[in-house]
Amino acid sequence: MRYIIGIIMVLVGVFLILKTEWFIQNFGTNAWAEEHLGSNGGTRLMYKLIGIVFIFFGFLAITNMIEGFLVGTVGKIFVR
């Protein structure tokens, strides 16, 4: 099951990166991204960064390393 979820996440990430203009045309620009990530193209960069995050976590899910990554990074916040 983790292979299917990982592949879907990777495909969504690739789609976000390749079809950024389609997302901007259909959903519009993001004011926060335009202000903080660049004056012209901040929304494009935001969509591409989100796509890269999806690809990263997709490959972590495929290789079964997501649990170790989460415990090693943010897991120490939740441990008593």
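Our structure is the block above this text.
Residues numbered from 1 in each chain as written. Predicted model: local features only at pLDDT ≥ 70, side-chain atom pairs only at ≥ 80, totals over all residues. Heavy atoms only, no water.

Bringing the nonpolar core into the picture now. Taken as a class, soluble globular proteins show a tendency for nonpolar side chains to be buried jointly. Judged by nonpolar contacts, Leu16, Phe23, Ile24, Ala33, Met46 and Tyr47 together constitute the single largest core of 6 residues. Going through the elements one at a time, α2 (20-27) and α4 (42-62) are the ones with two or more residues in this core. Once residues within four sequence positions are removed from consideration, Met46 is found in contact with Asn30, Ala33 and Leu37. (Core = buried A, V, L, I, M, F, W, Y, C linked by side-chain atoms within 4.5 Å. Buried < 20%, exposed > 50% of the residue type's maximum accessible area, 1.4 Å probe, protein only. Helix = DSSP H or I, 4+ residues; strand = E, 2+ residues; numbered from the N terminus. Contact = heavy atoms within 4.5 Å.)

At a closest axis distance of 10 Å, the pairing of α2 and α4 adopts a crossing angle of 120°. One way to sum up the angle between α2 and α4 is to call them oblique. For the crossing formed where α2 meets α4, the hand is right-handed. Here Thr20, Glu21, Phe23, Ile24 and Phe27 of α2 come into contact with α4, specifically with Thr43, Arg44, Tyr47 and Lys48. (Axes fitted to C-alpha atoms, helices over the stretch in contact; angles between N-to-C directions. Parallel < 35°, antiparallel > 145°, perpendicular 65-115°, else oblique. Left-handed = near helix turned anticlockwise from the far one by under 90°.)

Between α4 and helix α5 (residues 66-73), the least distance of the axes is 7 Å, while the angle of their chain directions is 120°. Considered as vectors, α4 and α5 are oriented oblique to each other. Listed contacts from α5 to Phe56, Phe57, Leu60 and Ala61 of α4 are Ile66, Phe69 and Leu70. Across the contact of α4 with α5, the residue classes tally to 7 nonpolar, no polar and no charged. (Nonpolar A, V, L, I, M, F, W, Y, C, P; charged D, E, K, R; others polar.)

What follows deals with the pattern of salt bridges. A complete count under the given rule lists 1 salt bridge for this structure. Between Arg44 and Glu21 there is a salt bridge whose closest N-O contact spans 2.5 Å. Separated by 23 residues along the polypeptide, Arg44 in helix α4 and Glu21 in helix α2 bring together distant segments of the chain. With relative accessibility at 32%, the residue Arg44 sits in the partly exposed group. Residue Glu21 is classed as partly exposed on the basis of its relative accessible area of 38%. (Salt bridge = Lys/Arg side-chain N within 4 Å of Asp/Glu carboxyl O.)

Attention shifts here to the environment of Gly6. Here Gly6 lies in helix α1 (residues 2-18). On the basis of relative accessible area, Gly6 is assigned to the buried category, the value being 0%. For the pair Gly6 and Leu60, spaced 54 residues apart in sequence, the C-alpha to C-alpha distance is 7.5 Å. In this structure, Gly6 is in contact with Gly58, Ala61 and Ile62, ignoring residues within four places of it in sequence.

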